[in-house]
Amino acid sequence: ENMVKLGDRVYVANSGGWDLDSTISVISIPDDRVILSIKTAEIPSDLALDGDDMLWVYCNGYAKYNWEPPYDLISETDARIQKINPANGEILWQGIVGKAGDYTATLPKMAVSPDNAVLYYLRQDGVYKIDVNSPEVPVIPFIVGNFYGIDVNPSDENIYLFESSFTGNGIMNIYDRQGKQISE
């Protein structure tokens, strides 16, 4: 689903496609081979590095649906954000950020502030943020809305949030680091 580079290694989130996966493959760039597999929560989808080069993983959990109309949700597991030591795969922190069924219309995406101290992540009701040095799962969104993509401008710390209509023009919203909308 996504990957990040740290030193001479690339970390790859393996979501499993239509199946279930709960791993990150660690690839040695000089050798071009998988040297380690890190166990995560179910369906790792996005990755980021903080200022201490710790790996943050957004796992949207596993949702099982009935294959017959109306395709009801049968069961689901927790969506989680995990802080992982990339050297040994140890999970240093994790928080539950919803259920797998929450992500049918919202992609589990995240972005890191330019100083690598704040992690922003999308949920179906908005953008949430976590201080990477003292992580806690927030109760209310930092920015309210339904967004399809997120990124942070490294030069001015503005947060770019994307809305997609899938039938017309999308919208790019720009917020400052205090969560105030400054442009659309």
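Before reading on, note that the structure itself is shown above.
Because the structure is a prediction, the values reported are computed rather than measured. (Residues numbered from 1 in each chain as written. Predicted model: local features only at pLDDT ≥ 70, side-chain atom pairs only at ≥ 80, totals over all residues. Heavy atoms only, no water.)

Take the sheet that holds strand β17 (residues 171–175) next. Overall, antiparallel pairing links the four strands, which are arranged β15-β16-β17-β18 in an open sheet. Both edges of this open sheet fall to β15 (149–152) and β18 (181–183), since each of them pairs with a single strand only. Averaged over neighbouring strand pairs, the angle between their axes works out to 30° when direction is ignored. With five bridges joining them, strand β16 (residues 159–163) and β17 adopt antiparallel strand pairing. Opposite Y160, over in β17, you have I174 as the bridge partner. (Pairing = 2+ DSSP bridges. Helix = DSSP H or I, 4+ residues; strand = E, 2+ residues; numbered from the N terminus. Axes fitted to C-alpha atoms, helices over the stretch in contact; angles between N-to-C directions.)

Turning our attention to the environment of Y62. By secondary structure assignment, the location of Y62 is in the loop between β6 (55–59) and β7 (63–65). Y62 sits 18 residues away from P44 along the chain, and the two C-alpha atoms are 9.9 Å apart. If near-sequence neighbours (up to four positions away) are discounted, Y62 is found in contact with D19, L20, E42, I43, S75, E76, T77 and A100. (Contact = heavy atoms within 4.5 Å.)

Membership of the largest hydrophobic core comes to 15 residues, with the highest contact counts inside it found for W56, I81, L119 and Y121. Where this core is concerned, the elements lending two or more residues are β6, β9 (78–84), β10 (91–99), β11 (110–112), β12 (118–123) and β13 (126–131). Setting aside residues up to four positions removed in sequence, I81 forms contacts with W56, V57, Y58, W93, Q94, G95, V97, L119, Y121 and I130. Of all hydrophobic cores here, the second largest spans 14 residues; its members include A13, L49, V57 and I84. (Core = buried A, V, L, I, M, F, W, Y, C linked by side-chain atoms within 4.5 Å. Buried < 20%, exposed > 50% of the residue type's maximum accessible area, 1.4 Å probe, protein only.)

Attention now goes to a nonpolar patch on the surface. A grouping of L107, Y148 and F166 is seen on the molecular surface, where their side chains present a nonpolar patch of about 300 Å² in accessible area. Here Y148 lies in the loop between β14 (143–144) and β15. (Patch = residues over 30% accessible without salt bridge, like charges linked within 9 Å, V, L, I, M, F, W, Y side chains within 5 Å. Areas by Shrake-Rupley, 256 points an atom, 1.4 Å probe, with all protein chains shown as cover. Salt bridge = Lys/Arg side-chain N within 4 Å of Asp/Glu carboxyl O.)

A few words on the sheet that holds strand β3 (residues 23–28). Across the sheet, four strands lie side by side as β1-β2-β3-β4; this open sheet has antiparallel pairing. Since the sheet does not close on itself, it has two edges, and those belong to β1 (3–6) and β4 (33–39), each with one partner. Strand-to-strand twist in this sheet, taken as the mean axis angle between neighbours without regard to direction, amounts to 25°. Judged from the four bridges that link them, β1 and strand β2 (residues 9–14) form a sheet pairing that is antiparallel. Bridged to V4 within β2 is Y11.

Across all of its chains, the model carries five salt bridges by this definition. Linking D78 and K99 is a salt bridge whose minimum nitrogen-to-oxygen distance equals 2.8 Å. Here D78 is found in strand β9, whereas its partner K99 is found in strand β10, with 21 residues between them in sequence. Judged by relative accessible area, which is 35%, K99 ranks as partly exposed. One network of salt bridges, in which partners are shared, links D78, R80 and K99.

A word on the pairing of β17. Note: β17 against β18, two bridges, orientation antiparallel. Looking across to β18, one finds that Y175 is bridged to Q181. Between β17 and β18, which follow one another and run antiparallel, lie five residues, and G179 among them has a positive phi close to 90°.

Keep in mind these numbers describe shape, not what the thing actually does.
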